[in-house]
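Read off the chains here:
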Number of protein chains: 2
Amino acid sequence: MKHTYEYPRAALTVDCVVFGFDSAQAALQVLLIRRGLAPFKDHWALPGGFVRVEETLDDAARRELEEETNLSTVFLEQLYTFGTVDRDPRERVVSVAYYALTKPTDHTAAASTDAAEARWFPVTEIPPLAFDHATILDTALVRLRGKLRYEPIGFELLPPKFTLTQLQRLYESVLGTPLDKRNFRKKVLSHNLLVPLKETHREGTHRPAQLFRFDPVRYEKLRKKGFLFEI
Amino acid sequence: MKHTYEYPRAALTVDCVVFGFDSAQAALQVLLIRRGLAPFKDHWALPGGFVRVEETLDDAARRELEEETNLSTVFLEQLYTFGTVDRDPRERVVSVAYYALTKPTDHTAAASTDAAEARWFPVTEIPPLAFDHATILDTALVRLRGKLRYEPIGFELLPPKFTLTQLQRLYESVLGTPLDKRNFRKKVLSHNLLVPLKETHREGTHRPAQLFRFDPVRYEKLRKKGFLFEI
DNA sequence: TGACTTCGTGTAAAAATCACACATTACTTC
DNA sequence: GAAGTAATGTGTGATTTTTACACGAAGTCA
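Basis of the calculations
Residues numbered from 1 in each chain as written. Chains lettered and ligands numbered in written order. Predicted model: local features only at pLDDT ≥ 70, side-chain atom pairs only at ≥ 80, totals over all residues. Heavy atoms only, no water. Helix = DSSP H or I, 4+ residues; strand = E, 2+ residues; numbered from the N terminus. Buried < 20%, exposed > 50% of the residue type's maximum accessible area, 1.4 Å probe, protein only. Contact = heavy atoms within 4.5 Å. Domains from an automatic or database assignment. Buried area = accessible area lost by both parts, 1.4 Å probe. Salt bridge = Lys/Arg side-chain N within 4 Å of Asp/Glu carboxyl O. Polar contact = N/O pair within 3.5 Å; in protein donor to acceptor, adjacent residues only side chain to side chain. Nonpolar A, V, L, I, M, F, W, Y, C, P; charged D, E, K, R; others polar. Near = heavy atom within 4 Å. Least-squares fit on C-alpha atoms with pLDDT ≥ 70 in both. Axes fitted to C-alpha atoms, helices over the stretch in contact; angles between N-to-C directions. Parallel < 35°, antiparallel > 145°, perpendicular 65-115°, else oblique. Pairing = 2+ DSSP bridges. Expected span 1.5 Å × (residues − 1). Arc of directions from axis to C-beta. Phe/Tyr/Trp six-rings, centres within 6.5 Å; stacked < 30°, edge-to-face > 60°. Lys NZ or Arg CZ within 6 Å of the ring centre and 35° of its normal.

### Some remarks on the overall build of chain A
1) Next: Looking only at helices and strands, chain A features 6 helices and 9 strands.
2) Next: Considered along the principal axes of its C-alpha atoms, chain A spans approximately 70 × 40 × 30 Å.
3) Next: By residue count, 49% of the 231 residues in chain A fall in the buried class.
4) Next: Considering only intrachain contacts with a sequence separation of at least 6, the fraction spanning at least 24 residues in chain A is 65%.

Spelled out as structure tokens, the structure:
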């Protein structure tokens, strides 16, 4: 019953779901690139590409992100591996998907790629995507929503200094529910992980808001003791 | 700057972390097989093997599980993909790891494999493992602990009919904390997902315990409405 | 100086969590 | 058949957490 069997080699890719948050519009966004080559030429797709033999999966994801979107030093985490047989019409291709969270400062960098057209899309207005990228995107959204509730990853989508209102809008956009202002502030401040800054955020025609930064060092200490950042 | 580039093919494997729960000893266990071939000959390892070109990753995991451990129809979920360059001394091998939860009825089936020696080990007494399987196992344990707190997957480790004490012991073993009997029962029953049966569990020299079964249909309905099974 | 807009704050009611002890039931043994 | 043994099954009050909710303060602009 046993065959002599030459181990198959599969083409391996990484694909990245890059999230950004537009505070002005309070909209969660995803970075897509337009494909220049077949298959799915001219379709929008997740940035990604083939894994090289001498690099880890994480390295491949970072490299592709940098090559295709000019983004570096972002929060990047493995999401899921997609391995249905026909997901690529050419041949068997297995894709290890990642998701990335970017700060607004990175946004212009990402947009200015000229290798391929790159654009931010609100998650509510995603165009048809190449391959099974719509599935990958859905998976990433579910993961992001889940993580946001018990890990402090929202800060990865905000500038280093942010106001509590910005943070609240972010949570509301991602989770899809309105939150009570006073209760939200009470809760996030109760962890003592937000450091109030001397500066304020002045914008428009109203009272300026207190700026905060997230304290990752303190968080790391607490996390090791089993602390959960719950919202 | 662009090379002509032959896409690399990587050898792809699946590895499975198979969990079982021994109610008698209140011990979470993992199924390991002893390798018959180099590398790591005679070392203990996770069951797994190469992915074939014409099968999905999930199919490959199920097939390997069946071939190596006689286990079928178990709870199986993708865990993480391990892709460091040197994890296999022979060549670049990327492994998509899965974790499985088995009911006690499957345990003897698993043990009786003769293709390779297979044995259950308490998670507290894991021998040195081949490759990076210790890392994979750790990842699976963390995932299991996390999931158990807000998804009803504990039932996958118990027989179809079980007592509340068995369920409590399971939670205690996996989470590593003792739980209050009255509070635990109040909580799990409050979801109305456990159906009391007419039968009782009679064992030893003491009062028999009420048997329950989990109602997966009802859970599915609730889950779609955003219900979270929290313990 | 008045109109406008967002910021920042406290309290009381309701709900969830936690700590905790003893009578019940069946089996075994004498 | 009485006494001993071992695990089951059950309720309450104290504490903590969550929820709902409104208005004065601070700044800009006309």
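### Some points on the domain arrangement of chain A
Residues and elements named next belong to chain A.
1) Next: Looking at chain A, the domain boundaries give domain 1 (11-148) and domain 2 (154-224).
2) Next: Contact residues are listed per partner, giving 15 residues for domain 1 and 14 residues for domain 2.
3) Next: Both sides of the domain 1 and domain 2 interface together cover about 1,300 Å² of buried area, and 70% of this is carbon and sulfur.
4) Next: It is Phe-21, Lys-103 and Leu-148 that lose the most area in domain 1 upon contact with domain 2, and together they represent 46% of the buried surface on that side.
5) Next: The interface formed by domain 1 and domain 2 holds 0 salt bridges in total.
6) Next: Between the two partners, domain 1 and domain 2, sit 4 residue pairs in polar contact (both at pLDDT 80 or more).
7) Next: Taken together, the residues of the side of domain 1 that touches domain 2 break down into 10 nonpolar, 3 polar and 2 charged.

### Things to note about the environment of Ala-130 of chain A
1) Next: By the secondary structure assignment, Ala-130 of chain A is in the loop between β7 (118-122) and α3 (133-148).
2) Next: In this structure Ala-130 of chain A touches Arg-35, Phe-40, His-43, Trp-44 and Ala-45 of chain A, once residues within four positions along its chain are discounted.

### Regarding the interface of chain A and chain B
1) Next: Across the boundary between the two partners, chain A contributes 28 residues, which contact 28 residues of chain B.
2) Next: Approximately 2,600 Å² of surface area, both sides summed, lies buried where chain A meets chain B, with 59% of it carried by carbon and sulfur atoms.
3) Next: On inspection of chain A and its partner chain B, the count reaches 2 salt bridges.
4) Next: Summed over the shared surface of chain A and chain B, the number is 13 residue pairs in polar contact (both at pLDDT 80 or more).
5) Next: For the side of chain A that touches chain B, the elements supplying multiple residues, two or more each, are β1 (9-22), α1 (57-69), β5 (75-82) and β6 (93-101) of chain A.

### What to know about the protein's contact with DNA strand D
1) Next: As a matter of local geometry, DNA strand D sits amid 22 residues, with Thr-205 of chain A together with Lys-181, Arg-185, Arg-207 and Gln-210 of chain B nearest to it.
2) Next: Counting only atoms of DNA strand D within 4 Å of the protein, the fraction found in sugar and phosphate groups is 40%.
3) Next: In this structure, Thr-165 of chain B approaches DNA strand D through a side-chain N or O atom, which is 2.8 Å from a phosphate oxygen.
4) Next: In the environment of DNA strand D, a base oxygen lies 3.1 Å from a nitrogen or oxygen atom belonging to the side chain of Lys-186 of chain B.
5) Next: Secondary structure elements with two or more residues in the surface near DNA strand D: α5 (181-190) of chain A together with α5 (181-190) and β9 (209-214) of chain B.
6) Next: Split by residue class, the surface near DNA strand D holds 3 nonpolar, 8 polar and 11 charged.

### A few points about the relation of the copies chain A and chain B
1) Next: Of the two same-sequence chains, chain A is brought onto chain B (RMSD 0.1 Å, axial shift 0.1 Å) by a rotation of 180°. Here the transformation between the copies is reduced to the relation of a two-fold axis. Rotation axis and chain A: the residue whose C-alpha lies nearest the axis is Arg-9 of chain A, separated from it by 2.4 Å.
2) Next: Most of the interface of chain A is mirrored in chain B, where 100% of its interface residues are also at the interface.

### Focus: the packing of helix α4 (residues 164-175) of chain B against α5 of chain B
Residue and element names in this part refer to chain B.
1) Next: Two elements in contact, α4 and α5, have axes whose closest approach is 11 Å; the angle formed by their N-to-C orientations is 100°. In this view, α4 runs roughly perpendicular relative to α5, as classed from their interaxial angle. From α4, Leu-164, Thr-165, Leu-167, Gln-168 and Tyr-171 reach across to α5, where they touch Lys-181, Phe-184, Arg-185, Val-188 and Leu-189.
2) Next: Classifying every residue of the contact of α4 with α5 gives 6 nonpolar, 2 polar and 2 charged.

### A few points about the pairing of β5 of chain A
All names here are of chain A.
1) Next: Of all 8 residues in β5, 6 are buried; the element is thus mostly enclosed.
2) Next: Bridge count for β5 against β6 is 7 bridges, and the pairing is antiparallel. If you follow Tyr-80 over to β6, its bridge partner there is Ala-97.

### Let's talk about the protein's contact with DNA strand C
1) Next: Near DNA strand C there are 22 residues, and of these Lys-181, Arg-185 and Gln-210 of chain A together with Arg-202 and Arg-207 of chain B occur at the shortest range.
2) Next: By atom count, sugar and phosphate contribute 43% of the portion of DNA strand C lying within 4 Å of the protein.
3) Next: Asp-180 of chain B is positioned with one of its side-chain polar atoms (N or O) 3.3 Å from a base nitrogen of DNA strand C.
4) Next: At 3.2 Å from a base nitrogen of DNA strand C is found a side-chain nitrogen or oxygen belonging to Arg-182 of chain B.
5) Next: Its residues placed into classes, the surface near DNA strand C shows 3 nonpolar, 8 polar and 11 charged.

### Quick word on the environment of Asp-132 of chain B
1) Next: Positionally, Asp-132 of chain B belongs in the loop between β7 (118-122) and α3 (133-148).
2) Next: Sequence-wise, Asp-132 of chain B and Glu-172 of chain B are 40 residues apart; in three dimensions their C-alpha atoms are separated by 28 Å.

### Describing the side chain of Thr-163 of chain A
1) Next: Mapping Thr-163 of chain A onto the fold places it in the loop between α3 and α4 (164-175).
2) Next: Leave out the neighbours within four places in its chain, and Thr-163 of chain A touches His-201, Ala-209, Gln-210 and Leu-211 of chain A.

### Focus: α3 of chain B
Residue and element names in this part refer to chain B.
1) Next: For α3, which comprises 16 residues, the first-to-last C-alpha distance of 22 Å matches the rise-based estimate of 22 Å (1.5 Å per residue) to within 8%.
2) Next: When α3 is considered as a whole, its buried residues turn out to be His-133, Ile-136, Leu-137, Ala-140, Leu-141, Leu-144, Lys-147 and Leu-148. The buried residues of α3 occupy an angular sector of 140° when the element is viewed end-on, so they sit on one face.

### Re the packing of aromatic side chains
Residues and elements named next belong to chain A.
1) Next: In the structure shown here, the tally under the stated rule is 21 aromatic pairs over all chains.
2) Next: Relative to Phe-227, the ring of Tyr-219 has its centre 6.4 Å away and its plane inclined at 75°; by these criteria the two rings are edge-to-face.
3) Next: For Phe-227, a relative accessible area of 23% translates into the label partly exposed.
4) Next: Each residue in the set Phe-155, Phe-162, Phe-214, Tyr-219, Phe-227 and Phe-229 is aromatic and connected to the rest through ring pairs, giving one cluster.
5) Next: Taking NZ or CZ as reference, Arg-119 lies 4.1 Å from the ring centre of Phe-121, over its face.

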